[in-house]
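Observations on chain architecture
What follows is the residue order along each chain.
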Amino acid sequence: MSETANGTNGGDPIIRCRGVVKRFDDFTALDAVSTEVRTGEVVCIVGPSGGGKSTFLRMINGLEGIDGGEIVVDGIHLPGSKKDIQRVRREVGMVFQSFNLFMHMSVRENLILAPMTARKIGRAAADERAERLLERVGIGDQIDKYPSQLSGGQQQRVAIARALAMEPKVMLFDEPTSALDPEMIKEVLDVMVELAESGMTMLCVTHEMSFAREAAGRVLFMADGQILVDAPPARFFSEAEDERQASFLSKIL
Amino acid sequence: MTRAGTMAGLANRWGFHAVLLALGALMLANLNWPLVQSFEFVFIWEYRIALLKGFGITLLLTVEAGVVGVVFGTLFAIGSQSAYSPLRWLVGAYVEVFRNTPLLVQLLWIHFALPLVTGINTTALVSGIIGIGLQAAAYYTEIMRAGIQAVPRGQVEAAHALGLPAWTRWTRVVLPPAIRTVIPALLNQNISFFKATAIVGLGLLVGDFFTAALRVSNDTFHFLEPLTFAAAVYLVLGWQAGRWTLRLERRLSRGER
């Protein structure tokens, strides 16, 4: 939670973005975005919708193509071959706004599928890992249920455990609490805070300013396809250095 | 539930009775009574072995259309989702050709024209198996494609984000819910192919159930009894299969999560 644990003075850069460009037809969604994320850092990306936050996040694990510049994740360069993209995806976990659990599989099957097929670990080890991670996110007793039998908050915690089961070096969160009922937001944020404190490198697109304030080492403010502000949370929320940031903060605080 | 079921059953039965009554009235009005009095269904019994053999061929073609159709339809549907555009065009062209030309034309082309191109002659039955299989694959490709596209986009994205190998993504994440969605459509399509076997039979003389019934007519010079019997068999089986499909569809949608 402290600046030293998650702050900018972390390890070596694990993600480096240089002049990243994304276009959708004539619309430029990302306009030469450059930044770095160090090992162990927790970075929150905030800003108005349509500003390119999610697109940027999705380019880091190759869900969106890169039209210019490059992203280097753990030494792997994107854009790259299909193989490179697969390698990146195995090191980068992602949690989606709408959970995206495999609905026809039990919670256990959701958690062991990727470790067994993409990491080639054995069934016993995968089971053990699944049970341990579900305990960690506080729903060890739900392992044999189906996603439809769980609440939204529980489903999102399963989704976090599913991503962690690949033992990723980086976790990406794409508005993980936006689809949740208010009373379930806290249980997901608690898991994210615990994960941040454990030293996981995290990039979170979020509207939860309390989380950004509590857990983030840096806050990036994105609008119009650019990173306009890059500041520690204390400074980000107290003094606006950009006009659009000021207007954004005045609407949400 | 049971009460609603009985009500639906009653309505179903009464609807069926009403149709039969209407048809009956229509026929009665135009009936040639002396001919009817000479109805001799005994011919059916006499030719029972030939008719059973024919029915075996009909069943073979029906099941084959289903199996070949689902297997190749699934493969082609996966191809239709490929990022490699020539593969997509190839699948698209295949589907359009086989869905937009008459089955009879396809069958005769395969049996008589294809050997001129390839130099390989096929028996009528083999040509029939190839022909109905090719057309079934085209129709099933479209059904499977619809099923694949109905799988929520987010689940496919999650599979990508987890770095799942393509084989795992298709066999474990995409196809199970896709197939579950389209099972009723697949079965309904197969009922259509059950009826289409009569075209294979007549077009290539493969000795299916319908051609066996026609042979009875040719041998005995009685047309009414064998053809009526054949129609009744198709009707009862097709109708029954449709009812099973509907029941399965209801059960699947009830289990929907």
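In the block above lies the structure referred to throughout.
In this text, all values refer to a predicted model and were calculated from it rather than measured experimentally. Each residue is numbered by its place in its chain's sequence as written, counting from 1. Labels follow written order: the first chain is A, the first ligand is 1, and so on. Under the rules for a predicted model, residues below a pLDDT of 70 receive no local features and side-chain atom pairs below 80 are neither given nor counted, while totals for whole chains, interfaces and linings still include all residues.

This next bit is on the overall build of chain A. Check the secondary structure of chain A and you find 10 helices and 10 strands. Taking 18 Å as the expected radius of gyration for a compact globule of 253 residues, we find that chain A reaches 18 Å, a close match to that expectation. Referenced to the eigenvectors of the C-alpha coordinate spread, the extents of chain A come out at roughly 50 × 40 × 35 Å. Taken over 253 residues, chain A has a buried fraction of 47%. Each helix is a run of H or I in the DSSP string that is no shorter than four residues. Each strand is a run of E no shorter than two, and both are numbered from the N terminus. The globule rule used for comparison is 2.2 Å times the number of residues to the exponent 0.38, while the radius of gyration itself is calculated over C-alpha atoms. Labels follow a simple rule on C-beta atoms placed from the backbone: if 20 or more others lie within 10 Å of a residue's own, it is buried; if 12 or fewer, it is exposed; otherwise it is partly exposed.

Turning next to the overall build of chain B. Looking only at helices and strands, chain B features 11 helices and 0 strands. Helices and strands in chain B line up, N terminus first, as α-α-α-α-α-α-α-α-α-α-α. Dimensions of chain B, computed from C-alpha atoms along their principal axes, come out at roughly 75 × 65 × 30 Å. With 257 residues in all, chain B has 30% of them scored as buried.

Another point: the sheet that holds strand β1 (residues 13-24) of chain A. Residue and element names in this part refer to chain A. In space, the 4 strands of this open sheet follow the order β2-β1-β4-β5, with antiparallel pairing throughout. Every other strand in the sheet has two partners, leaving β2 (27-38) and β5 (76-78) as the edge strands with one partner each. Each strand of the sheet is rotated relative to its neighbour by a mean of 20°, with strand direction disregarded. Pairing between two strands requires that DSSP report at least two bridges joining them. Orientation is described by axes fitted as lines to C-alpha atoms, over the contacting stretch for helices, and by angles from 0 to 180 degrees between their N-to-C directions.

Time to look at unusual backbone geometry. When glycine is set aside, most residues are seen to have a negative phi, and most peptide bonds are trans. Residues and elements named next belong to chain A. In this model, Leu78 is joined to Pro79 through a cis peptide bond whose omega is 0°. Among the secondary structure elements, Pro79 is positioned in the loop between β5 and α3 (82-91). Even without being glycine, Ala32 reaches a positive phi, approximately 55°. Of note, Ala32 is situated in strand β2. Residue Ala32 is classed as partly exposed on the basis of its 15 C-beta neighbours within 10 Å.

Attention shifts here to the nonpolar core. Burial of nonpolar side chains together is a common tendency in soluble globular proteins. If you look at the biggest cluster of nonpolar residues, it comprises 114 residues, and the most contacted ones within it are Val43, Ile45, Ala161, Leu172, Met202 and Leu203 of chain A. A per-element tally of this core places helix α7 (residues 124-150) of chain B first, with 11 residues. Counting 9 residues, the second-largest nonpolar core is a separate cluster that includes Tyr47, Phe209, Leu214 and Ala230 of chain B. Buried Ala, Val, Leu, Ile, Met, Phe, Trp, Tyr and Cys residues whose C-beta atoms connect them within 7 Å together make up a nonpolar core.

Residue and element names in this part refer to chain A. Residue placement: Gly52 occurs in the loop between β3 (42-46) and α2 (53-60). For the pair formed by Gly52 and Asp31, sequence separation is 21 residues and the distance between their alpha carbons is 9.2 Å. Contact between two residues is assigned when their C-beta atoms, built from the backbone, lie within 7 Å. Setting aside anything within four residues of it in sequence, one finds Gly52 in contact with Ala29, Leu30, Met222 and Gly225.

Time to look at the pairing of strand β6 (residues 92-95) of chain A. Residues and elements named next belong to chain A. Of the two faces of β6, the one carrying Val92 and Met94 and the one carrying Gly93 and Val95 are both buried. Alignment of β6 against strand β7 (residues 170-174), held across 4 bridges, turns out to be parallel. Considered in β7, the bridge of Gly93 is made with Met171.

Here the focus is the interface of chain A and chain B. In this complex, chain A contributes 19 residues to the contact, which on the side of chain B involves 16 residues. If you tally residues by element for the side of chain A that touches chain B, the top one is helix α4 (residues 107-118) of chain A, at 4 residues. Of the residues that constitute the side of chain A that touches chain B, the class distribution is 10 nonpolar, 7 polar and 2 charged. Under the scheme applied here, ten amino acids are nonpolar (Ala, Val, Leu, Ile, Met, Phe, Trp, Tyr, Cys and Pro), four are charged (Asp, Glu, Lys and Arg), and all others, including Gly, are polar.

Residues and elements named next belong to chain A. Spatially, the 6 strands line up as an open sheet ordered β6-β7-β8-β3-β9-β10, and their pairing is mixed. In the strand order of this sheet, the two ends are held by β6 and β10 (226-231), each with one partner. Each strand of the sheet is rotated relative to its neighbour by a mean of 20°, with strand direction disregarded. As paired elements, β3 and strand β9 (residues 218-223) share 4 bridges and run parallel to each other. When the bridges of β9 are listed, Cys44 appears paired with Val219.

So, about the pairing of β3 of chain A. All names here are of chain A. Here β3 lies mainly inside the structure; 5 of its 5 residues are buried. Taken together, the 4 bridges between β3 and strand β8 (residues 201-205) define a ladder with parallel strand orientation. Bridge pairing links Cys44 to Cys204 in β8.

The next thing to look at is the packing of α4 of chain A against helix α5 (residues 123-136) of chain A. Residue and element names in this part refer to chain A. Two elements in contact, α4 and α5, have axes separated by 9 Å at closest approach and are oriented at 130°. As summarised for this structure, α4 and α5 are arranged oblique, according to the angle between their axes. Note on packing geometry: the crossing formed by α4 with α5 is right-handed. Touching Arg108, Leu111, Ile112, Pro115 and Met116 of α4 are Arg123, Ala126, Asp127, Arg129, Ala130 and Leu133, all from α5. When its residues are assigned to classes, the contact of α4 with α5 shows 7 nonpolar, no polar and 4 charged. Note that the term roughly parallel is reserved for angles under 35 degrees, roughly antiparallel for angles over 145, roughly perpendicular for angles of 65 to 115, and oblique for everything else. Two helices that cross are described as forming a left-handed crossing if the nearer one is turned anticlockwise from the farther one by less than a right angle, and a right-handed crossing if clockwise.

Its location among the elements puts Arg235 of chain A in helix α9 (residues 233-238). For the pair Arg235 of chain A and Arg218 of chain A, spaced 17 residues apart in the sequence, the C-alpha separation amounts to 9.6 Å.

The next subject is the packing of helix α4 (residues 48-80) of chain B against helix α10 (residues 209-220) of chain B. All names here are of chain B. Where α4 meets α10, the axes come as close as 7 Å, and the angle between the chain directions of the two elements is 155°. Here α10 runs roughly antiparallel to α4, going by the angle between their axes. Listed contacts from α10 to Ala50, Leu51, Lys53, Gly54, Phe55 and Thr58 of α4 are Phe209, Thr211, Ala212, Ala213 and Arg215. Looking at the contact of α4 with α10 residue by residue, the class counts come to 6 nonpolar, 3 polar and 2 charged.

Residue and element names in this part refer to chain B. Between the first and last C-alpha of helix α9 (residues 166-204) there are merely 42 Å, a value that for 39 residues lags more than 12% behind the 57 Å anticipated at 1.5 Å per step. Val182 marks where α9 bends most, by close to 50°; the proline Pro184 follows one to four residues later. Of the residues one or two after α9, Leu205 is the one with positive phi, at around 50°. In a helix, the anticipated span is given by 1.5 Å times the number of residues less one. Note on bend: the value at a residue is the angle between axes fitted to the seven residues ending there and to the seven starting there.

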